[in-house]
Every structure is written in structure tokens, then in C-alpha cells.
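Spelled out, the chains give:
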Amino acid sequence: MSIMAAQRMGLRCLSLDAGVDTPASQVAPARVGSLSDEDAVAEVFRLCERVTLENEFVLGSVIEGARLWAGAERQCLPDPFCVERIQDKLVQRRSLVAADVPSPPAEPYKAGDGSLVERFGLPMVVKSRYGGYDGKGTRTLRTHEDVARFDAWLESSGFGDPQLDKGWLVERFVQFEREIAVMVYRSEVEEGCFPVMVSEQEDHVCSLVYPWEGDPPGPQGVALAAVRAVGGFGLFGVELFELADGSVQVNEIAPRPHNSGHYTLDWGGVSQFEQHVRLVMGLPIVVPRGEPTAMANLLGIEDPGDWQDGLRAAIEGDRDVRVHWYGKSESRPGRKMGHLNVAGSDCRERAAAARERFYAAWGS
Ligand SMILES: Nc1ncnc2c1ncn2[C@@H]1O[C@H](COP(=O)(O)OP(=O)(O)OP(=O)(O)O)[C@@H](O)[C@H]1O
Ligand SMILES: [Mg+2]
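The structure presented is a predicted model; accordingly, all values stated were derived computationally and were not measured. (Residues numbered from 1 in each chain as written. Chains lettered and ligands numbered in written order. Predicted model: local features only at pLDDT ≥ 70, side-chain atom pairs only at ≥ 80, totals over all residues.)

**Digging into the overall build of the protein chain**
- When its secondary structure is counted, the protein chain shows eleven helices and 17 strands.
- For the protein chain, the C-alpha radius of gyration of 20 Å lies close to 21 Å, the compact-globule estimate for 364 residues.
- Taking the principal axes of its C-alpha atoms as reference, the protein chain extends roughly 55 × 50 × 45 Å.
- Nonlocal contacts in the protein chain, meaning residues at least 24 apart in sequence, comprise 64% of its contacts between residues at least 6 apart. (Helix = DSSP H or I, 4+ residues; strand = E, 2+ residues; numbered from the N terminus. Rg over C-alpha atoms; globule rule 2.2 N^0.38 Å. Contact = placed C-beta atoms within 7 Å.)

Okay, here's the thing in C-alpha cells:
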């Protein structure tokens, strides 16, 4: 989607991805290569005037090594040092704490260390320091048995990509009222935020995003402070917890366009993707303004039928529904396959209803 926003302005794009038949490869030339292969990343720097990321799993050291190898004048936004600070969730927490940005206290997790339960209390949350997404790599330990089971699992298998596996952190469980999210943009000359959105999760995966009704300066100020704390320039998605007393704490920062900003594709104002491209290219940004809009994620289901039946059902019930389908090659249960946006009155209810129609028609 960033590529499509760039192409609209006449920019030519190239993607690097470990997979073939990726969504990006359907809209622009694509190179297939490992994101941990400095050679492959350096080649992108050689071929492109500006480089950016759409996930935080390329190690900052690999990006910086590749960038320098291709030529010191090459640029990447967000810069590799900021990516490094964000991609280790523990370093990210420490950056926030050091800048007095409210976020849950965290420490390295040590299996078998009983003092952690004493200090953090139960439930407590453990997270893989690297490589987590869509709740993979996040566990809530509610009982002593959960802790023992988790320790045993760590001993036996651990999590994910061994190259990225740098252990786990433990942090305090936050009793939040709601999860909210803010897209933040920052250039050398200006900074600001998109509207505050509520981000509802199901099974640790974002399900529904809709406008938050409250006093935006509070969460927006915290979100901006969080991005400053990691030295961020570019576009960032900041996930926050809203507590019962109205205060907020930062959950995490994503150094890229974010699921909670997908509504901007259809809200009438600048999209997060165009804003991202402008920042990457060093162009003036747009002050974001648009209509209240809701977004419902379309997640992969067991035994899917033809997705076009879902598309038709969603639109036939409400012609203002806008469907985005990513063209991922495989539909796995829970995988983000697309989303739909509804702008205007009752947008939250209408987005949820359109998704129901989509799923009902898509299932075989
Ligand atoms: N400290 C916490 N206290 C309570 N709930 C938490 C805490 N940390 C995370 N969660 C819950 O777990 C979800 C996933 O956590 P987190 O955002 O850190 O992981 P992630 O895998 O990077 O997520 P995603 O890619 O979906 O944003 C959060 O959205 C929230 O619902
Ligand atoms: Mg998250």
C-alpha cells in the first residue's frame, strides 16, 4: 500500500521479501531474498534512492551494515538505530522509561527466578524481546502453574527464529479499560498525529478500529513523546492502554504504517501510506483531516470458499463499504488477509456488520 501511494506520485518502487508471490510483488518489481542477508539488503540500497521498512524484523545492524556498504550517502527512514531501539521490546521499554513516558515496567525474564512473581505479581505478561507480532510471542501468566509451564516450554523449545531469539522480558500486567492507537509522524521540521482510535483485540489480534471519543491531546501527547524517546523520524504506530482513570500507558511502537491506520485509506484525508512516503522522500507532509471512519480486519478462516463471495456480500448490504484484499497467497486462520473500511455515521457498527456478511459468504 505504501508502494501504491508512491506510484501515484510517479515514484518507482522495488520490494525485498523472503517470500514469492507477495502482495508487494503484485504491484511493483520485487526481489526475493532473506531480510537477514546483508547482501540482499545492500543491493536494495544500491538500486534505490530511499529505503524504508514495512516491518520491524530486519535487524538494525543489518540495515546499517548494508547501507554503509552500498554507500554512506544512502538513506533509510526510519533510521537503523531507531529500528534497533524498537525491535528489542526490552530496549524499547527502557527508552520510554528513561524519557519518563508512561509504560509498564519490564525486566529480562529469567526462568526459575521466583522473585519475578513477587515483584511483578500475577498475572504478569512475558514477551519475546524480538520477532513478536499479532500476539505471537506474548503470553499472560496468571497462576504459578502457568509460570512453571512457561519455564518448561522455554527450556524445551523457545520461540521463533533463532537468529532473532534474544530471550524474553517480563512486564507488569496492565488492567486497562481499552486499547487505543495513534499514528505519529515526525520530520526534522514538523510533527503531529492522526486521530486517536480505539483498537479492539480478539485473541491478541486487532479486530476492529474506530474513532475514540475523548480528549485527544492526552494520548496524542504521550504517543509523540514515545516516538521522540526512541529518536524516531518517519511514521509510527503507537499502541496505548487507556486506564480507568483516563490516563494512558504506551504498550508498543511500530516504526511503519500500522493496522490501526488502515482506515485512512478511505477517510477522505491523506492516507498513512502517502504520509509515510512523503516522510521517506523528505517531502512536506499533509495535516491529517478526514471523516470518522472504522476498520474491520478480515482474518483467514478454516475452510475458506471464494473470497469474492465475501466481497459481494459485504458491499451488497451497504454500498459505502470499501473492501481491501491483500492478495496473500495462502489463507491461514487468523492471518490478516484484508480489511474493510466504513466512513460516516455509525461507522463502527456498519464495519462490524459488513464483516459478518463477508465471513458468512466466504466460509464454504
Ligand atoms: N502489559 C500488558 N498488560 C496487559 N495486556 C497486555 C500487556 N502487554 C500486551 N498485552 C495484550 O497483548 C496484546 C499483544 O501484545 P503486544 O502488542 O505487545 O504484542 P504484538 O505481538 O507485538 O502485537 P501486535 O503485532 O498484534 O500489535 C496487546 O494488544 C494487549 O491486548
Ligand atoms: Mg501490539
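**A word on the packing of helix H10 (residues 307-316) against helix H11 (residues 347-362)**
- Put simply, H10 and H11 touch, their axes get as near as 7 Å, and they point 145° apart. The element H10 and its partner H11 pack so that their crossing is right-handed. Contact residues: H10 offers Trp307, Asp309, Gly310, Arg312, Ala313 and Ala314, while H11 offers Ala354, Arg357, Phe358, Tyr359, Ala360, Ala361 and Trp362.
- Here the residues of the contact of H10 with H11 sort into nine nonpolar, one polar and three charged. (Axes fitted to C-alpha atoms, helices over the stretch in contact; angles between N-to-C directions. Left-handed = near helix turned anticlockwise from the far one by under 90°. Nonpolar A, V, L, I, M, F, W, Y, C, P; charged D, E, K, R; others polar.)

**Comments concerning the domain arrangement of the protein chain**
- According to the domain assignment, the protein chain consists of domain 1 (2-76), domain 2 (105-172), domain 3 (174-290) and domain 4 (292-364).
- If you average the C-alpha positions of domain 1 and of domain 4, the two centres end up 30 Å apart. (Domains from an automatic or database assignment.)

**What about helix H5 (residues 89-98)?**
- When H5 is considered as a whole, its buried residues turn out to be Lys89, Leu90, Gln92, Arg93, Ser95 and Leu96.
- Where H5 is buried, its residues contact helix H4 (80-87), strand E5 (106-108), strand E6 (124-128), strand E8 (168-172), helix H8 (217-229) and strand E14 (248-254).
- With its phi angle positive at about 60°, Asp100 sits one or two positions after the end of H5. (Buried ≥ 20, exposed ≤ 12 C-beta atoms within 10 Å, placed from the backbone.)

**Comments concerning the site of ligand 1**
- Residues in close proximity to ligand 1 total 21 residues, the closest being Val125, Gly132, Tyr133, Thr138 and Val174.
- Broken down by secondary-structure element, the contributors of at least two residues to the shell around ligand 1 are E6, strand E12 (205-211) and E14.
- Among the residues forming the shell around ligand 1, the class breakdown is seven nonpolar, seven polar and seven charged.
- Split by domain, the shell around ligand 1 shows at least three residues from each of two domains, domain 2 (105-172) and domain 3 (174-290). (Near = placed C-beta within 6 Å.)

**Let's talk about unusual backbone geometry**
- Residue Pro78 is bonded to the preceding Leu77 through a cis peptide linkage, with omega at 0°.
- Structurally, Pro78 is set in the loop between strand E4 (75-76) and H4.
- Geometrically, the link from Leu122 to Pro123 is a cis peptide bond, its omega value of -5° lying close to zero.
- Along the chain, Pro123 turns up in the loop between helix H6 (115-120) and E6.

**Here's the deal with the nonpolar core**
- Core analysis: the biggest nonpolar cluster contains 75 residues, and Val182, Val184, Ala223, Ala226 and Val238 have the highest contact counts within it.
- The contacts of Val184, once residues within four sequence positions are left out, are Cys193, Ala223, Leu224, Val227, Phe236 and Val238.
- Tyr109, Val126, Val147 and Leu169 belong to the second-largest nonpolar core, a separate cluster that totals eleven residues. (Core = buried A, V, L, I, M, F, W, Y, C linked by C-beta atoms within 7 Å.)

**Examining the packing of helix H3 (residues 60-70) against H4**
- Where H3 meets H4, the closest approach of the two axes is 8 Å, and the angle between their N-to-C directions is 165°. In terms of axis orientation, H3 runs roughly antiparallel to H4. In this structure, H3 crosses over H4, and the sense of that crossing is right-handed. Across from Gly60, Ser61, Ile63, Glu64 and Arg67 in H3, the residues of H4 making contact are Pro80, Phe81, Val83, Glu84 and Gln87. (Parallel < 35°, antiparallel > 145°, perpendicular 65-115°, else oblique.)

**Describing the pairing of E12**
- Sheet analysis places strand E11 (residues 197-202) next to E12, joined by six bridges and oriented antiparallel. What sits directly across from Val198, in E12, is Tyr210.
- Turn length for the E11-E12 hairpin, with the two strands adjacent in sequence and antiparallel, is two residues, and the turn residue Asp203 shows positive phi of about 50°.
- Two elements, E12 and strand E15 (residues 293-299), share two bridges in a ladder whose sense is antiparallel. Across the sheet, Val209 pairs through a bridge with Met295, a residue of E15. (Pairing = 2+ DSSP bridges.)

**A short note on the sheet that holds E8**
- Taken in spatial order, the four strands of this open sheet run E5-E8-E6-E7, and their pairing is antiparallel. With one partner strand each, in any of the chains shown, E5 and strand E7 (138-141) form the two edges of the open sheet. Strand-to-strand twist of the sheet, defined as the mean angle between neighbouring strand axes without regard to direction, takes the value 25°.
- Judged from the three bridges that link them, E5 and E8 form a sheet pairing that is antiparallel. Residue pairing in the sheet places Glu107 in a bridge with Val170 of E8.

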